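# Structural overview
Here is how the chains run, residue by residue.
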Amino acid sequence: MTPLLFGPASRQLFGLFHPAHGDTHVDRAVLICPPFGQEAIRSHRLWRTLADRLARMGYAVLRFDYHGTGDSPGDDADGEFEGWRRDVCTAHEELHRRTGARRIVWLGARLGASLAVLAAKSGRSDPARLVLWDPIVSGRDHLQWLRERHVEALERSFCVPDPAWRRQLASDPRAFTDELLGFAISPTLLLQLRNLGADTLQLTALHETLVLAADDDASVRRWCESEAARRMPVRYSPFKHPLQWSAEPQPGDALVPVEALQRLATFVT
Amino acid sequence: MNGIREIPVAFGPAQSLFGVVATPANGERGKVACLMFNADATHRVGSGRIHVKLARQLAERGVTSLRFDLSGRGDSDAAYGAEHALTQGVQDLQAAMDQLEAMLGIHRFIVIGLRTGARPGLGLAVADARVIGLLMFDGFAFPGRRSRWDRRLRRMAAIAARPSAIAGTLQALARRPPSRAAVAASAPFGPDRPEITMALFRRSMTQLAERGVAVLLLYSGSVHVVDHDRDQLGPLAHEPGLREVDYRFMPGIDQGLISIAAQQSFMAVVGDWVLRLTSRRATARPERLARPALPVERVVLRTA
């Protein structure tokens, strides 16, 4: 595993490159597009373990943090879709530069999956395939879900919670939108989240897309069906896992669910 | 990021540990560095990225830090040996100090241990004379019977005032209990009985006081609503070795630092304390904290 800072000097990104063991798949590599915020923290060890496994299988892997997230330069409030979309393309180029791989698979999770779709659509990069795990296809729903998790987390964290939090959540749609689970949300990002929907999240016919989501995730399913109706090469695969995206790790929680790890490794190779 | 330089580093046995050094870009990095590491299972960036934010704030003020992952967490490899988790944690922290000594010539350190990080932080401070300061946030707590009853009554009153909370409480009770092994692995104080933990804590704090190591015990609103008289130290509150330590109760922040306001309050307190320590000789007696500017905090200070 090699740590690196890459990208233009004005927007450096922190990344971890896992070179392939051996030369079985020299023409292939995997780019991991992580989720945002608490979901990125929750899944961090999973990405590390998955990257190790893929590297042992002969695939080079690049993990990275978007600008203003993780160890990358920038503040929380710098985060916005357009910059992050470009970050995905920058990471793709870095991985290609390091490996020479022509077939780079993008594995995106949650908001990272949505950003992968936006980045692929931009035409700047040419991923061989997209693997989208629990993609966010309705930013408005996701925002509401995060607001609820935020208030739940506050209630769990204080010895005696403030009942006003829940009242605010119910009565004021602007409450708990400028910060979520420890991360500041800029007005730009908030607007972009609210506008993110099936109509703005369009696949291209240039590569295959595999969507992994729970059976009961109706919105993702509908999105897949609508993209398939547009004749996009998309496939949906039910994917059940015990990872709780937004939770603080608790005793007994699975940080790296083994079955999910094995299936992800299979899906991206 | 102006004025700050961040350098990813692999260090320790077989380069198995991973972290990021944050240092002033102008090279005037001071003679004391801070160590930040995992709280619970969160990787080196910390809850809400608090370690990144704090590291950059400190670097802007001239203080170097290394935020890193202990063995088997974040991006660090699992340890090769079969050491107890606490022993391994102390060894990892020593490897981090060795790295900063070799890399930047820094020989004195302040350890910032959040939640479960308090235990290896205390172990390191006792074991290694290079440590001149130790911060423990929601780490060791031994509230007495009065304090526990007070907390219980306030929680019951809150539930009575908000019946919807009962459903949440029942849901929490209905969750499958974690395995004994999982609890032991995650327990901030390890599997020891409380009286053993308390005895170890008392002895360790006495040793640190004798060595002149500055200690800040920081407690959040997760542990209680009020603090009358160093309540989290219970029967130890006024014992030699603990009378002199800085103790701060901040009911406006939570232990997960979920809100940005909580993060800012935390960083203000920690940043000021670190700067105060780095600006004086390591061998001097620990200074007491100044009264905080933030009105949301309740501060309990006692003179030696």
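The rules we used
Residues numbered from 1 in each chain as written. Chains lettered and ligands numbered in written order. Predicted model: local features only at pLDDT ≥ 70, side-chain atom pairs only at ≥ 80, totals over all residues. Heavy atoms only, no water. Contact = heavy atoms within 4.5 Å. Buried area = accessible area lost by both parts, 1.4 Å probe. Salt bridge = Lys/Arg side-chain N within 4 Å of Asp/Glu carboxyl O. Phe/Tyr/Trp six-rings, centres within 6.5 Å; stacked < 30°, edge-to-face > 60°. Helix = DSSP H or I, 4+ residues; strand = E, 2+ residues; numbered from the N terminus. Buried < 20%, exposed > 50% of the residue type's maximum accessible area, 1.4 Å probe, protein only. Lys NZ or Arg CZ within 6 Å of the ring centre and 35° of its normal. Polar contact = N/O pair within 3.5 Å; in protein donor to acceptor, adjacent residues only side chain to side chain. Core = buried A, V, L, I, M, F, W, Y, C linked by side-chain atoms within 4.5 Å. pLDDT = per-residue confidence, 0-100. Axes fitted to C-alpha atoms, helices over the stretch in contact; angles between N-to-C directions. Parallel < 35°, antiparallel > 145°, perpendicular 65-115°, else oblique. Nonpolar A, V, L, I, M, F, W, Y, C, P; charged D, E, K, R; others polar. Pairing = 2+ DSSP bridges.

Below, the discussion takes up the interface of chain A and chain B. On the chain B side, the residues contacting the 39 residues of chain A number 48 residues. In total, about 3,300 Å² of surface goes out of reach between chain A and chain B, with carbon and sulfur atoms giving 58% of it. On inspection of chain A and its partner chain B, the count reaches six salt bridges. The residue aspartate 76 of chain A makes a salt bridge to arginine 49 of chain B at a minimum N-O spacing of 3.4 Å.

In the structure shown here, the tally under the stated rule is 16 aromatic pairs over all chains. Both rings, one in phenylalanine 142 of chain B and one in phenylalanine 201 of chain B, keep their centres 5.2 Å apart while their planes meet at 50°; by these two values the pair is tilted. Of the two residues, phenylalanine 142 of chain B is situated in the loop between strand 6 (131–137) and helix 4 (145–161) and phenylalanine 201 of chain B in helix 7 (residues 194–211); the sequence distance between them amounts to 59 residues. The exposure class assigned to phenylalanine 142 of chain B is buried, which follows from its relative accessible area of 8%. Taking relative accessible area as the criterion, phenylalanine 201 of chain B reaches 1% and is therefore assigned buried. Here the aromatic cluster, defined as three or more aromatic residues joined through ring pairs, consists of Phe36, Phe64, Tyr66, Trp84 and Phe183 of chain A. Stacked on the ring of phenylalanine 17 of chain A, the Lys or Arg arginine 98 of chain A has its end atom at 5.6 Å from the ring centre. Geometry around tryptophan 149 of chain B places arginine 152 of chain B over its ring, the cationic atom sitting 4.9 Å from the centre.

Counting through the fold element by element, arginine 48 of chain A comes out in helix 1 (residues 38–56). With a relative accessible area of 6%, arginine 48 of chain A lands in the buried category. Reaching out from arginine 48 of chain A, the side chain makes a polar contact with the side chain of aspartate 52 of chain A at a distance of 2.8 Å. In this structure, arginine 48 of chain A is in contact with Met1, His18 and Arg63 of chain A together with Gly74, Asp75, Ser76 and Asp77 of chain B, ignoring residues within four places of it in sequence.

Okay, the pattern of salt bridges next. Per the stated rule, a full pass over the model turns up 34 salt bridges over all chains. Salt bridges linked by common partners bring Arg63 and Asp71 of chain A together with Glu6, Arg44, Arg56, Arg67, Asp69 and Asp75 of chain B together as one network.

We now examine the nonpolar core. In this structure, Leu31, Phe81, Val88, Trp106 and Trp223 of chain A are the most contacted members of the largest nonpolar core, which totals 65 residues. With near-sequence residues (within four places) excluded, tryptophan 223 of chain A lies in contact with Val117, Leu132, Val137, Ala198, Leu201, Leu203 and Val211 of chain A. Listed in part, the 46 residues of the second largest apolar core include Leu70, Val90, Met205 and Leu242 of chain B.

Let's shift gears to the environment of alanine 20 of chain A. Residues and elements named next belong to chain A. By the secondary structure assignment, alanine 20 is in the loop between strand 2 (13–18) and strand 3 (28–33). C-alpha of alanine 20 to C-alpha of leucine 54: the two residues are 34 residues apart in sequence and 7.7 Å apart in space. Those residues in contact with alanine 20 that sit more than four places away from it in its chain are Ala55, Gly58, Tyr59 and Ala60.

One rule of thumb: low pLDDT means the predicted coordinates there are not for detailed reading. When the pLDDT values of chain A are averaged, the result is 94; 98% of them are 70 or greater. Within chain A, strand 4 (residues 60–64) of chain A carries the highest mean pLDDT (98), whereas helix 8 (residues 258–268) of chain A carries the lowest (90).

All names here are of chain A. Contact geometry of helix 4 (residues 139–157) with helix 5 (residues 163–171) gives a least axis separation of 10 Å together with a crossing angle of 170°. In terms of orientation, helix 4 and helix 5 fall into the roughly antiparallel class. Counting all contacts with helix 4, which are made through Arg147, Glu148, Val151, Glu152, Leu154 and Glu155, the residues of helix 5 involved are Trp165, Arg166, Gln168 and Leu169. Classifying every residue of the contact of helix 4 with helix 5 by side-chain character gives four nonpolar, one polar and five charged.

All names here are of chain B. One open sheet holds the eight strands; their spatial order is 1-2-4-3-5-6-7-8, and the pairing between them is mixed. Where the open sheet ends on each side, the last strands, each with one partner, are strand 1 (4–11) and strand 8 (246–250). Along the sheet, successive strands turn relative to each other by an average axial angle of 20°, direction set aside. Pairing analysis gives six bridges linking strand 5 (residues 108–114) to strand 6, with the strands arranged parallel. Within strand 6, the residue paired with leucine 114 across the bridge is phenylalanine 137. Lying over the sheet, helix 7 contacts strand 6 and strand 7 (214–220), oriented at roughly 140° with respect to strand 6.

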